Amino acid sequence: MINRQLLLTYLYLLVYILLSSGVILYNKWVLSPKYFNFPFPITLTMIHMGFSGMVAFFLVRVLKVVSPVKMTFEIYATCVIPISAFFASSLWFGNTAYLFISVAFIQMLKALMPVATFLMAVICGTDKLRCDVFLNMVVVSVGVVVSSYGEIHFNVVGTVYQVTGIFAEALRLVLTQVLLQKKGLTLNPITSLYYIAPCSFVFLFVPWCLLEKPGMEVSQIQFNFWIFFSNALCALALNFSIFLAIGRTGAVTIRVAGVLKDWILIALSTIIFPESTITRLNIIGYAVALCGVVMYNYLKVKDVRASQLPVESLPERAVKDLGIEKKSSDLYVPDDTNSSASGWNSTASDIMVDEEALLIPSSRVSHLGRSQLGSHSE
């Protein structure tokens, strides 16, 4: 007889993979001029942010599912606003890329996420330059370059949008550590949407007025309420599916599921969108990049587990070499958490850019997942 808890774990992972892939394909279908023909990525992102903010407000203030954190004006101005600005930028650029390049090529470019995060962390001083990690970044970069060279429908504008969105997201992840962690502020997916989604909506309003509003003639817009409602609902559900999956399985499992999801998504995109063509060079380049990403994830998981060992049990030299201090890729990994929380940031960074998933690393992630959202221990 199949273990009921194991079956539930696989169900969570399946829901995560389906929602993650579905939101990306749905966004592409809505924005593409060849299909639903709503070529307004900023407007679509604003709909998502507005909907997420309203649902979060209802959950926090009306149903009181979770309590709001103690938010002062200083914390909001110095932490929430900068993070929201980069979050809005990453979504804006990432969604705009759908207008120019294929879903498959976007997924291949997203292999650069660890590279961008590592570079931003080193520049901001939250991580140190290490030879092993640097070599992995070189492998990933070479793979992405090879994959880009093999892209038949290569578009410079779309590639620049996507890469810019990746670096904006990487900077947001680093700022999350530098700003929120120093303030001792911990947010779960509901409270993070409660504070950040409305602020992101405001930031998107300015480029919307300048870039999209003048070209939006009502007679030419296909506005189907159920299309946009279901699209925004899927984007919101993705946040909670990732939260539950990480809380139940842990960092390593969710990363493996993410790799599986990427391959499934690339294959599905070529079926749903026939104009997407994958060449042999695409596959070879992406496989090389993926090897670098997998090795990078392995090193980070290894570092996290090593840092969770009692310090007194390690030789003094080993402690110094490991660098027990927290790093950008090990956000919020206190001694009382398990591997679920330790993999939160790097896992989220692989899926966040254009899927509207806003996950703030928190020292209470695993505990909240178990007690309030029905997640169980491993």
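- Named according to an unreviewed UniProt entry, the chain is Sugar phosphate transporter domain-containing protein originating from Rhododendron simsii.
- Its UniProt record gives the chain a comment under Subcellular location (unreviewed entry), which states: "Membrane".

**Notes on the packing of aromatic side chains**
Centre-to-centre distance and the angle between the planes together describe a pair of aromatic rings.
Point 1. Applying the stated criterion to the full structure yields 18 aromatic pairs.
Point 2. Pairing Tyr26 with Trp29 gives two aromatic rings, centres 6.3 Å apart and planes at 50°, and the pair type is tilted. Taken as a pair, Tyr26 and Trp29 lie in helix 1 (residues 4–31) at a separation of three residues, close to a single helical turn.
Point 3. Taking relative accessible area as the criterion, Tyr26 reaches 18% and is therefore assigned buried.
Point 4. With centroids separated by 5.2 Å and ring planes inclined at 75°, the aromatic side chains of Phe38 and Phe40 adopt a geometry described as edge-to-face. Both residues of the pair, Phe38 and Phe40, belong to the buried class.
Point 5. Feature note: the residues Tyr26, Trp29, Phe36, Phe38, Phe40 and Phe228 constitute an aromatic cluster, connected by ring pairs.

**Structural notes on the packing of helix 2 (residues 41–62) against helix 9 (residues 225–249)**
Point 1. At their nearest, the axes of helix 2 and helix 9 sit 9 Å apart, and the two run at 60° to each other. The pairing of helix 2 with helix 9 is recorded here as oblique in orientation. The element helix 2 and its partner helix 9 pack so that their crossing is right-handed. Each of Leu44, Ile47, His48, Phe51, Ser52, Val55 and Leu59 in helix 2 lies in contact with helix 9, whose residues at this interface are Phe228, Phe229, Asn231, Ala232, Leu233, Ala235, Leu236 and Phe240.
Point 2. A per-class count over the contact of helix 2 with helix 9 returns twelve nonpolar, three polar and no charged.

**Some details on the nonpolar core**
Point 1. The biggest cluster of nonpolar side chains holds 79 residues, and the ones touching the most others in it are Val30, Val103, Ala111, Val140, Val144 and Leu204.
Point 2. Among the elements that make up this core, the one with the highest residue count is helix 3 (residues 73–96) (nine residues).
Point 3. When residues no more than four places from it in sequence are discounted, the contact partners of Val144 are Met108, Leu109, Ala111, Leu112, Gly285 and Ala289.
Point 4. Counting residues in each nonpolar core, the second largest holds eleven residues, with Tyr16, Ile246, Ile254 and Ala257 among its members.

**Focus: the pattern of salt bridges**
Point 1. Under the defined criterion, the tally for this structure stands at three salt bridges.
Point 2. Of the charged contacts in the structure, one is a salt bridge between Arg130 and Asp132, with a shortest N-O distance of 2.8 Å.
Point 3. Using a relative accessible area of 31% as the deciding quantity, one classes Asp132 as partly exposed.

Calculation notes
All residue numbers refer to position in the chain's written sequence, counted from 1. Side-chain atom pairs in this predicted model are given and counted only at pLDDT of 80 or more, local residue features only at pLDDT of at least 70, and totals for whole chains, interfaces and linings cover all residues. Side-chain metrics in this entry use all non-hydrogen atoms of the structure; hydrogen atoms and water are not considered. UniProt positions are given in the numbering used here, feature names are shortened, and annotations may be inferred rather than shown by experiment. Aromatic rings from Phe, Tyr and Trp, taking only the six-membered ring of Trp, are treated as a pair when their centres fall within 6.5 Å; an angle between ring planes under 30 degrees marks them as stacked, one over 60 as edge-to-face, and anything in between as tilted. Helix numbering and strand numbering both begin at the N terminus, where a helix is a DSSP run of H or I of at least 4 residues and a strand a DSSP run of E of at least 2. Relative accessible area decides the class of each residue, using a 1.4 Å probe on protein chains only: under 20% of the type maximum gives buried, over 50% gives exposed, and in between gives partly exposed. Each axis is a line fitted through C-alpha atoms, and for a helix only the stretch in contact is used; angles between axes span 0 to 180 degrees, taken between their N-to-C directions. Here the word oblique covers every angle except those under 35 degrees (roughly parallel), over 145 (roughly antiparallel) and from 65 to 115 (roughly perpendicular). Should the near helix be turned anticlockwise from the far one by less than a right angle, the crossing is termed left-handed; should it be turned clockwise, right-handed. By definition, residues are in contact when any of their heavy atoms lie within 4.5 Å. Think of it as three bins: nonpolar holds Ala, Val, Leu, Ile, Met, Phe, Trp, Tyr, Cys and Pro, charged holds Asp, Glu, Lys and Arg, and polar takes everything else, Gly as well. Put simply, buried Ala, Val, Leu, Ile, Met, Phe, Trp, Tyr and Cys residues joined by side-chain atoms within 4.5 Å make one nonpolar core. A pairing counts as a salt bridge when a side-chain nitrogen of Lys or Arg comes within 4 Å of a carboxyl oxygen of Asp or Glu.

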